[in-house]
Amino acid sequence: MPRFTFGSWVEDAVDWLQSNLTWIFDFIKTVLGGMYDGVNAVLSGGEPLLMAGIFAVLAFWLRGVVPAVLTFVGFALIDSLALWDEAMGTLSLVIVAAVITIVIAVPTGIWAARNSRVSATLRPVLDVMQTMPAFVYLIPGVMFFGVGVTPGVIATIVFAMPPGVRMTELGIRQVDGELVEAAEAFGTTPKDTLTRVQLPLALPTIMAGINQVIMLALSMVVIGGMAGAGGLGEKVYAAITQLQVGLAAESGIAVVILAMYLDRMTGALNERVSPLGRRAAAKVAAGARRLRFTHYKPGTAIAMTGVVVLALIAGGLNIAGSSDSKASQADSSNVGDGQKINLGYIPWDEGIASTFLWKEILEQRGYEAGVTQLDAGPLYSGVARGDIDFQTDAWLPTTHKDYWDKYSDDLEDLGSWYGPTSLELTVPSYVKGIDSLADLKGQGKKFNGKIIGIEASAGMMGTLNKKVLKEYGLEGEYEVVSSSTSSMLAELNASIKKKEPVVVTLWSPHWAYGAHDLKKLKDPKGAWGKGEDVHTVAHKGFAKKAPAVADWLKNFKLTEKQLTSLENEIQKAGQGKEQDGVRSWLKKNPGLVDQLAPPPGGAKKDGKDAGKTVNLGYFPWDEAIASTYLWQNVLEDRGYKTTVKQLDPGPLYTGLAQGQLDVQFDSWLPTTHKDYWDKYKDNLTDLGSWYGPTSLELTVPSYVKGIDSLADLKGQGKKFNGKIIGIESSAGMMGTLNKKVLKEYGLEGEYEVVSSSTSSMLAELNRSIKKKEPVVVTLWSPHWAYGANDLKKLDDPKGAWGKGEQIHTVAKKDFGKDFPELTGWLKDFKLSEAQLASLEVELQKGGAGKEKESARRWMDANPDVVEKMAPVAG
């Protein structure tokens, strides 16, 4: 029989879905992620012991006193194991997946019970869903939704669906047919027959199906952890891959506690909602003679009161804790300002060491750093999609070549931080006569025909199977056993203790060479390839998202001595305490954090007038917004306090003249703001120009042919509906346009200047461009609109707009006395056209309401700007 291949069809289908239905996957990811975040916020939000009390009250209501006490003890144990957040993350995932599954499964089961054709169609589908290896569901999940909670939820829903459907159908079909016939005979409608006869009697079976749904959902936690879903699954997965027996036992106990609680509670829920269940519970309670109090269950109202009281206490403590946390954050200035950075790593020692090193550094620099362990395939996929921001263990150009080739278009190589490395096969030194790869030929029996490998997804495993074995004629004689790095090391340790021959995959640097007397097998044919470098790889656009971090990573280097000592410190710290090991290592290497991650602009230093409040004002022109929020950040870095107010030009100049405002950065002189300057100059201080020359102009889209100068507008009024779209009527350029430009070019009467606002003018410009309609608007240079659209400045041969202007910093009259240090800084303040344009673009990307944060990102990308704008000695 010829081989039947349909895998390529599946690949093509997946590619098509990724290319054409991304918006659907993004929507699903947003919805599921939002549901998970909401549930997790509730479960993780309170104090652990208070939340344990809430779970205990629910157990008291459903099962009685003893289960309530055991519930509290069980959840308190989870908290004492420092696994509370992970347990609540897992419980949140199970709840979201189970609710969605039940909402789909129960109606589907009812449909199947009432329609034999539907039942026959669903049966093979459910068989496939239930018997397909659950790992398979993660592949499309990760490809369509990226790493994180969503693929875990999707896989859980598919895996847990069949028992919910089957048990619902079974329960309804098992209802006595005579009862259904009797109901119909009395004129009961099909709907009432279902809701009043079939469902109540089938409820115990349906609840058993729901119980199975929840149990199967919980069984998926480890698989979800492989896709970066977090929770206890990630802990169990980390324990498996790193052979951490203690962590595996602790995480496993937490999973068991959750499983027992959910199983007992869903089982007992049947007694509360089912007539048959309530009848059975009443019989048990009536028959109890001894310890009757153990069978006592409070009423629903009492139980709910207890839950609400504990929830309110937990919520109140959480709010108080959040306020304290925010207050402490507000008191400290930091680079990251709470920005979330997601790191991923493969469980290789240098990957673990460098990842947790950067987690600690980022947190010291004010970022919120999340860490996810993944296999190489999901890790590269996650970085390419942007779910993971960067990873520090890309072995290039050989080991991870396949992943790089596949995802390179969506990745950014931030450079090598360690190298050269080497891949090798290794044997203990007591194995005599085996010194090179060539010596392995004919010696397969000595090693039981096995080479102990690592993760099958690792690039070096592909190189070993495809090239090394073939080059040395070892195919057929040796089987490469795929396992994990930790399993390989465990096998190596066990063999060394027994003095048995073993050959394993290893690489340099690795702490195992310091722990054991090992022999690297020589590679005279160079089958492993040349030594590699360990690179940091980020998603495309990461440098724009976190420019300071990207800059640090590009300059990141560790020597072999530094890396091996860091790895050893982490080994000493033990399982689950990698960051403690990093902190211990950093204490032994003082100053390294500042060396690896220097704060942009150097360490923040207070100015001489630190503590004074500077009142900044601006009107909503782009260069005014940009320069104002830039200076707000700079001043706060120098220890000043600031306020910022937006006003129209008239009130702004009045406020400066009256001393209610201290300074503003957008005085266009000598033309645009001439009237304001002439009126208030006796009570103002001109601190000089920081940008220029500028220009005012009328502008049309480039597709408007035949209109190249202001003179060309004459007689073309109908083309533009007789309108010139202007900005705020109070702006000086509007007065110049109405009083001088229109008159100079004979456009009065033919054109009406429409006063609006800068944003309205830009909206009209964008709308017209989309429709390819003629439009003429007021604009000025510099302005980001020229970079965003293909526009044409209309020439002004008569010079009606006047000469190019300068943008000045204007302050209140006594500003120099009140702020002598700042006065010096502002007099020297300059921005080039390129700097101002890039700053304005960054603010446009950040959006309204985030101007300060956007200016901070621009400062991070221009780390010397603070020192240049506001130099402080010492």
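Nothing here was measured: the structure is a model prediction, and the numbers come from that model. (Residues numbered from 1 in each chain as written. Predicted model: local features only at pLDDT ≥ 70, side-chain atom pairs only at ≥ 80, totals over all residues. Heavy atoms only, no water.)

**Considering the overall build of the protein chain**
On a plain count of helices and strands, the protein chain comes out with 37 helices and 20 strands. Split into buried and exposed, the 874 residues of the protein chain put 50% on the buried side. Contacts spanning at least 24 positions in sequence make up 80% of the contacts within the protein chain whose residues lie at least 6 apart. Within the structure as shown, the protein chain displays about 39,900 Å² of accessible surface, and the carbon and sulfur contribution to it stands at 56%. (Helix = DSSP H or I, 4+ residues; strand = E, 2+ residues; numbered from the N terminus. Buried < 20%, exposed > 50% of the residue type's maximum accessible area, 1.4 Å probe, protein only. Contact = heavy atoms within 4.5 Å. Areas by Shrake-Rupley, 256 points an atom, 1.4 Å probe, with all protein chains shown as cover.)

**Remarks on the confidence of the model for the protein chain**
Here the protein chain shows a mean pLDDT of 86. Residues at 70 or above account for 90%. Between residues 322–333, whose pLDDT stays under 50, and residues either more than four places distant or in other chains, the model counts one contact. (pLDDT = per-residue confidence, 0-100.)

**Structural notes on the nonpolar core**
With 90 residues, the main nonpolar core has L357, W358, L362, F390 and F542 as its most contacted residues. Aside from chain neighbours lying at most four places away, what touches W358 is L343, F390, T392, W552, L553, F556, L596 and A597. Formed by 86 residues, the second largest nonpolar core is a distinct cluster that contains L635, I727, A785 and A811. (Core = buried A, V, L, I, M, F, W, Y, C linked by side-chain atoms within 4.5 Å.)

**Some details on the side chain of E623**
The topology assignment puts E623 in helix α27 (residues 622–637). Within the buried core, E623 has no salt-bridge partner, and the shortest N-O distance to an opposite charge, that of K793, equals 12 Å. Among the polar contacts listed, one links the side chain of E623 to the side chain of W780, at a separation of 3.5 Å. (Lys, Arg positive; Asp, Glu negative; His and termini not counted. Salt bridge = Lys/Arg side-chain N within 4 Å of Asp/Glu carboxyl O. Polar contact = N/O pair within 3.5 Å; in protein donor to acceptor, adjacent residues only side chain to side chain.)

**Some words on the pattern of salt bridges**
Across all of its chains, the model carries 24 salt bridges by this definition. One salt bridge in this structure joins R385 and D387, with 3.3 Å as the shortest N-O distance. For the salt bridge of K545 with D389, the shortest nitrogen-to-oxygen distance reads 2.8 Å. Here K545, found in helix α22 (residues 542–545), pairs with D389, found in the loop between α17 (376–385) and β3 (390–396); they are 156 residues apart in sequence, far enough to count as distant.

**As for the packing of aromatic side chains**
Scanning the model with the defined rule gives 24 aromatic pairs in all. On the basis of an interplanar angle of 70 degrees and a centroid distance of 5.9 Å, the ring pair of Y640 and W825 is categorised as edge-to-face. Taken together, the residues Y640 in the loop between α27 and β12 (641–646) and W825 in helix α34 (residues 820–827) connect sequence positions 185 residues apart. Here Y640 matches W825 in class, with each residue buried. For the ring pair W690 and F829, a centre distance of 5.2 Å and an interplane angle of 20 degrees mean the geometry is stacked. (Phe/Tyr/Trp six-rings, centres within 6.5 Å; stacked < 30°, edge-to-face > 60°.)

**Looking at the pairing of strand β11 (residues 613–618)**
By the bridge criterion, six bridges tie β11 to β12 in an arrangement that is parallel. Directly across from V614, in β12, lies its bridge partner T642. As for the winding sense of the linkage, the β-α-β connection from β11 through α27 to β12 is right-handed. (Pairing = 2+ DSSP bridges. Right-handed = clockwise from strand over helix to strand, strands pointing away.)

**Things to note about unusual backbone geometry**
Note on backbone geometry: most residues besides glycine have negative phi, and most peptide bonds are trans. With an omega of -5 degrees, the peptide bond running from G419 to P420 counts as cis. Along the polypeptide, P420 turns up in the loop between β4 (411–418) and β5 (422–428). Cis peptide bonds are those with omega within 30 degrees of zero, and the linkage from G692 to P693 qualifies with -5 degrees. Take P693: it is sitting in the loop between β14 (684–691) and β15 (695–701). Residue N448 is not a glycine yet carries a positive backbone phi of 55 degrees. Assignment of secondary structure puts N448 in the loop between β5 and β6 (450–452). Using a relative accessible area of 65% as the deciding quantity, one classes N448 as exposed.

**Considering the environment of E623**
Residue classification places E623 among the buried positions, given a relative accessible area of 0%. In the structure, E623 is positioned 213 residues away from L836 in sequence and 7.3 Å away in space, judged by C-alpha atoms. Ignoring any residue separated from it by four or fewer positions in sequence, one finds E623 in contact with D666, W668, W690, W780, P782, I807, L836 and E840.

**Thoughts on a nonpolar patch on the surface**
On the surface, a cluster of nonpolar side chains totalling about 310 Å² of accessible area is made up of I95, V99, V103 and I104. Among the structural elements, I95 can be located in helix α5 (residues 84–114). (Patch = residues over 30% accessible without salt bridge, like charges linked within 9 Å, V, L, I, M, F, W, Y side chains within 5 Å.)

**Some remarks on the side chain of R856**
Examined against the element boundaries, R856 turns out to sit in helix α36 (residues 851–861). Note on R856: relative accessible area 15%, which makes it buried. A polar contact is formed between the side chain of R856 and the side chain of D637, at a distance of 2.8 Å.

**Re the environment of A229**
Relative to the helices and strands, A229 is located in the loop between α11 (221–226) and α12 (231–242). A229 sits in the buried class, given a relative accessible area of 7%. Spatially, the C-alpha atom of A229 lies 5.9 Å from that of G152, the residues being 77 residues apart in sequence. In this structure A229 touches Y36, L93, G148, V149 and G224, once residues within four positions along its chain are discounted.

**Description of the packing of helix α3 (residues 48–62) against α5**
The N-to-C vectors of α3 and α5 enclose an angle of 40 degrees; their axes lie 11 Å apart at closest approach. As the angle between them shows, α3 and α5 are arranged oblique. In this structure, α3 crosses over α5, and the sense of that crossing is left-handed. Contacts between α3 and α5 involve P48, M51, A52 and F55 from the former and W84, M88 and L91 from the latter. Along the lines of polarity and charge, the residues of the contact of α3 with α5 split into seven nonpolar, no polar and no charged. (Axes fitted to C-alpha atoms, helices over the stretch in contact; angles between N-to-C directions. Parallel < 35°, antiparallel > 145°, perpendicular 65-115°, else oblique. Left-handed = near helix turned anticlockwise from the far one by under 90°. Nonpolar A, V, L, I, M, F, W, Y, C, P; charged D, E, K, R; others polar.)

**Some thoughts on helix α10 (residues 190–219)**
Over its 30 residues, α10 extends only 38 Å from the first C-alpha to the last, a length that falls short of the 44 Å expected when each residue adds 1.5 Å. For α10, the principal kink sits at L203 and spans about 55 degrees; a proline, P204, occurs within the next four residues. (Expected span 1.5 Å × (residues − 1). Bend = angle between axes of the 7 residues up to and from the residue.)

**Notes on a negative patch on the surface**
A surface patch of like charges, here negative, comprises D176, E178, E181 and E184. Its place among the elements puts E184 in helix α9 (residues 177–185). Relative accessible area serves as the criterion here: at 48%, E184 is assigned to the partly exposed category. (Charge placed at Lys NZ, Arg CZ, Asp CG, Glu CD.)

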